[in-house]
Structures are given as C-alpha cells and as structure tokens.
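Spelled out, the chains give:
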Amino acid sequence: MANSRSASPDVAAPFSLLKLLPPLLAVIIGMFMVILDTTVVNVAIPTLVDDFGTTLHHLQWAVTGYTLALSAVIPLAGWMTDKFGSKRIFIATIVLFSLGSALCALATNTEQLVVFRIIQGIGGGMVAPIGMALVFRISPPEKRGAVMGVLGIPILLAPALGPVLSGYFVEYVSWHWIFLINLPIGVAAVIVAWRYLPVFERGKPPALDILGMILGPVAFAMLAFGVSEGGTDWGSSRTLTGLIVGGVSLLLFIFVELRHRQPLLELRVFRTFAFTQGIILSWILYAALFGSIILFPLMLQQVKGYTPLETGLILLPQALGSMLCMPIGGRLFDRIGARPIVITGTLFISAALLIMSQITLDRPLYVIMLNLFLLGCGMGLSMMTMNTYILNTAPKDLVGRVTPLTNSAQQVIVSFAVAGLTGYLSTHSDKVMAAYKGPNPLEAAVGAFGDTFLLTSGFAIVGFVLSLFIRRVKPAAQKSGSGEVRAEESMLAGH
C-alpha cells in the first residue's frame, strides 16, 4: 500500500497523470474544502447577525479571527511536516478543520462562533501549503506545470461556488449547513489521503521560534482589535489599548525575529527595496479587494433586498472575471513583466470601486454585476502577478523563506481590512441614518455603503500610483551554499 512505504521524489518512473490522480485528488478535496469555507461566510453574515441578535461590528470577528488564525499557523507548516511528516500533518489539519466546522454549526452565539472559527483557521491554515508541497514532490520535474495546473481547479472553482452554495443553504435549508457541508468533504479527503498519499522521509526540524509564535499572534490580534474599535472612535480607551499593546508587541516581535537564527518569519528580506515596494503594494491591494468583497453581500441583502441565493448568483461575475484574467496575467508576465499587468489590474479595481462609491437605490443590477466582473478581472491580473514579482525580487538566499512571510502577512492585512471597514461602516451608517430626514431610510443606508466603497477605492488608487514605479526584475536564482534550495520550501510556507 502507498501509505506503508517511504517514497522518494528522485525515483525515476514513467509519467502517468492517471497514476498521480488518487494522491492529487486527496489534496484537491482538502484545498477545495478550505477555500470554499473562506467564501461561504460572507453571504451568510446578515442572517447570522439576525439569528444571533448581534451587530456587524461584533460578528465580523468570525471572519477576522479566522484569518488571524490562518496567519498564525501558516509559518509553522514546514516545521510541523519536518517534525511529524507531511502526510500525517495534512490529515490532522483536515480533521481539525472538519471538527471546527462541526462546532461552528453548533454555535448558539457570536462568541462561540468566533472561537470555533479560530479552531477552523488553525486547521485550515496548513492545508494549502502542505498540499501544494506534497503535489510538488510527487510530480516529475518536467511535468510539474501540468500537475500544478490541475491543482488550480479548487483555487478557481471554490470561490465561484462558495457564495452560491452559501446562498442556497441559508435561504432554503439553514445557515448551519454552510459549515456542515465540510464534514462529508473532510471525511472524503481523509479517506483518500490515508489510502493514497505517499509517506516521505522527514527532514530535521529547525529550532522552534517560541517567542515569535507568541508575540506575532498577540501583536496582530491586538492591532486588528484596535483597528476595529477605531472604526467607532479612534480616541477611545479600547482603541488605544489595542493599538498600543499591539504596537509594542509588534516591535518586540520584529526585534526577536531579526535576532533569531531561524525566525518564524524572515524579516531580513525587507532590506531589499524592490521586495519592500512590491509587498507593500500587495498589502494595499489585499486591503482594497478583500475589504470590499465583504461589503457586497451586506449591501445586496440589507439595502437592495436580494435574497441570500440571489446574492450568491449576483457575486458570480467577480469569480468569473478572476478565473478569466488570472491565466492571462500569468502568460503575459514572462513576456512584458509585472508593471503593465499590475497597472491594468489596479486601474480596473480602482474604477470598479469608484463606480460603486456612487451607488444609489435605483442602480441597475447589471451595472453592479459589471462592476463585480471588472473587480474580478483586476484581482486576477494583479494578485498572482504581484506574488510572482515579490518572489523574483527577494534575495536569492532567502527565496525559500519568502512565502511564509507573504502568506501570513496577507492574512493579517485581510483581517485588518475586514475589522476596520466593517467598524467604519457600522459607525458611519448610524451617523448617516441619524442625520437623514428624507422619506426612505434606505437612501441613507446605501449612501453609507457608497462612502465605505469610496474609502476602499482610496486604497486601490494608492496601489495604482505605486504600480507605476515597480520595475522589471529577473527571477532570483534559488541557490545556496549546499546546492539548490528545496523548491517545496516556498510552497510549504514553512518555518
């Protein structure tokens, strides 16, 4: 049996995609489940707010807590696989994610949902990097492009299906099923992985950066809390406590990471100007994109009056735009470099969000859907292009350590964007509604959403300006003194 013997990526054998299909399927199912879950909650937020009798300001922590948990465990993937084996950890993370999903379905209040979503995030954070590294190792070098292309299926398909499935369950069954759907998928992933994933020899785990593991999550969680509370009042004691404690923890985290021989996150890459410029641009785009993505389902249901299923279907053009433009951006990158692609992508994003900032109650649905398509096209062109650009600008001796930093930081930025924008929207809506004297309160509500979209468009415009200054760079040669750096290290986002 495949799981009872050690496998080696160096053993030559005739290539057969059919032979690779069973272990590839295990990874695809696992990744599909996790990526699907990141998209289903947004559509259900209005229903969850009503069912739990809470506010958006409090419920957004179900999203923010999840992304912060992802950011905390992503850097540990490499260490965990070296210590316990990639197959064992892959299966364990799927089990933990499925357990978290079951608990989420049983949640009876906001606090429980937030805690259970964090458990989900701890499990889900390692599934994609470990899964990608497993597929990389079982694939022949000359066929990795084709195999990785198959692995792209869940990455593109899950975001399109997530909102629609969520809308169907919320409208016709129960919101609990947006989490319960993960159980049969998780069981299937565990069975296939246990049966067909090979066992690889473990590497020697490096010394674990314990202080970094503690300080990083504390810093990012407290900063997210401060940003969230700042949406209500930047001068409040809660806001200042979050920002001060988070800021001090972040400074300590940076100090520890720069002094540690094998840090949790490799911060020395920021000494390279092109890398720093690229990752800051990437953060700005993530804030604009994922901050706005959570606004659309809220606006469509709370202001425009669409049902959850209608909302999921309306959101489809965004996923389709991303699916269409992502491969186009990849093909163009090698020919013309990152700058023209990212300039075009950020222009699309800025235009879509600026148009949405002028939203009115009588805005035709097709205009909103065209905006979503434009936003998706901008996302598809810019996101993967920027990730590749960042890898190419990293110092050649640190390339294998860049992905943990970028993946974790992106999740932190998403948590900041969600916390800050939902806090701003909640507070601003109250102010606008209180000042409104007209006959239809929905006019005030849609105006508050328009102002929040305007804020996100500001991020996108800053990103557009920065994209004008990125330069074309040659890929970093992945060499070290002992030979080539293991390519799967960058996929593992490992410690």
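Residues numbered from 1 in each chain as written. Predicted model: local features only at pLDDT ≥ 70, side-chain atom pairs only at ≥ 80, totals over all residues. Heavy atoms only, no water.

The name an unreviewed UniProt entry assigns to the protein chain is Multidrug efflux MFS transporter, from the organism Cohnella thailandensis. What UniProt states about the protein chain under its Subcellular location (unreviewed entry) heading is, verbatim, "Cell membrane". Entered under Sequence similarities (unreviewed entry) in the UniProt record, the comment concerning the protein chain runs "Belongs to the major facilitator superfamily. EmrB family." (UniProt positions renumbered as here; feature names shortened; annotations may be inferred.)

J.: Got a minute to help me understand the overall build of the protein chain in this structure?
T.: Across its full length, the protein chain carries 21 helices and four strands. Within the span of the protein chain, comprising 495 residues, buried residues form 55% of the whole. A separation threshold of at least 6 residues defines the contact pool for the protein chain, and within that pool the share at least 24 residues apart is 84%. On the protein chain, roughly 20800 Å² of surface is accessible, and the fraction owed to carbon and sulfur atoms is 68%. (Helix = DSSP H or I, 4+ residues; strand = E, 2+ residues; numbered from the N terminus. Buried < 20%, exposed > 50% of the residue type's maximum accessible area, 1.4 Å probe, protein only. Contact = heavy atoms within 4.5 Å. Areas by Shrake-Rupley, 256 points an atom, 1.4 Å probe, with all protein chains shown as cover.)

J.: What is the right way to look at the nonpolar core in this model?
T.: A general feature of soluble globular proteins is that nonpolar side chains tend to end up buried together. Grouped together as the largest cluster of nonpolar side chains are 124 residues, with contacts concentrated most on Ile45, Phe90, Leu113, Phe179, Phe275 and Met299. Setting aside residues up to four positions removed in sequence, isoleucine 45 forms contacts with Leu56, Leu59, Val63, Ile294 and Leu298. (Core = buried A, V, L, I, M, F, W, Y, C linked by side-chain atoms within 4.5 Å.)

J.: Looking at this structure, how should I read the packing of helix H3 (residues 61-73) against helix H6 (residues 110-124)?
T.: For any two helices packed against each other, one specifies the inter-axial angle together with the distance between the axes. At a minimum axis separation of 7 Å, H3 and H6 run at an interaxial angle of 30°. Between H3 and H6, the crossing angle belongs to the class labelled roughly parallel. Our pair here, H3 against H6, has a crossing hand that is right-handed. Of H6, the residues touching H3 (which contributes Trp61, Ala62, Val63, Gly65, Tyr66, Ala69, Leu70 and Val73) are Leu113, Val114, Arg117, Ile118, Gln120, Gly121, Ile122 and Gly124. Taken together, the residues of the contact of H3 with H6 sort by class into eleven nonpolar, four polar and one charged. (Axes fitted to C-alpha atoms, helices over the stretch in contact; angles between N-to-C directions. Parallel < 35°, antiparallel > 145°, perpendicular 65-115°, else oblique. Left-handed = near helix turned anticlockwise from the far one by under 90°. Nonpolar A, V, L, I, M, F, W, Y, C, P; charged D, E, K, R; others polar.)

J.: Is there a simple way to explain the packing of aromatic side chains in this structure?
T.: Aromatic rings in a pair are described by how distant their centres are and how their planes are angled relative to each other. Applying the stated criterion to the full structure yields eleven aromatic pairs. Pairing tryptophan 61 with phenylalanine 225 gives two aromatic rings, centres 6.4 Å apart and planes at 35°, and the pair type is tilted. Here tryptophan 61 is found in helix H3, whereas its partner phenylalanine 225 is found in helix H11 (residues 210-230), with 164 residues between them in sequence. Ring centres of tyrosine 168 and tyrosine 172 lie 5.5 Å apart, and the angle between their planes is 40°; this geometry places the pair in the tilted category. Of this pair, tyrosine 168 and tyrosine 172 both sit in helix H8 (residues 144-173), four residues apart, roughly one helical turn. Residue tyrosine 168 is classed as partly exposed on the basis of its relative accessible area of 40%. (Phe/Tyr/Trp six-rings, centres within 6.5 Å; stacked < 30°, edge-to-face > 60°.)

J.: Please explain the side chain of glutamine 277 as it appears in this structure.
T.: If you trace the backbone, glutamine 277 turns up in helix H13 (residues 273-293). With a relative accessible area of 12%, glutamine 277 lands in the buried category. Dropping the residues within four chain positions of it, glutamine 277 is found in contact with Tyr389, Leu466, Phe469 and Ile470.

J.: What is the right way to read the pattern of salt bridges from this model?
T.: Note that side chains of opposite charge can pair when their charged atoms are close. Under the definition given, this model contains three salt bridges. Here aspartate 37 ties to arginine 117 by a salt bridge, and the two come within 2.7 Å at their closest N and O atoms. Separated by 80 residues along the polypeptide, aspartate 37 in helix H1 (residues 17-52) and arginine 117 in helix H6 bring together distant segments of the chain. Take arginine 117: its relative accessible area is 2%, and that puts it in the buried class. With its nearest N and O atoms 2.7 Å apart, the salt bridge here joins glutamate 266 to arginine 268. (Salt bridge = Lys/Arg side-chain N within 4 Å of Asp/Glu carboxyl O.)

J.: Honestly, the packing of helix H5 (residues 86-106) against helix H7 (residues 127-138) in this entry has me stumped. Any pointers?
T.: Across the interface, H5 lies against H7 with an axial gap of 10 Å and an inter-helix angle of 145°. H5 and H7 meet at a crossing whose hand is left-handed. Across from Ser86, Ile89, Phe90, Thr93 and Ile94 in H5, the residues of H7 making contact are Val127, Ile130, Gly131 and Leu134. For the contact of H5 with H7, the per-class residue count stands at six nonpolar, three polar and no charged.

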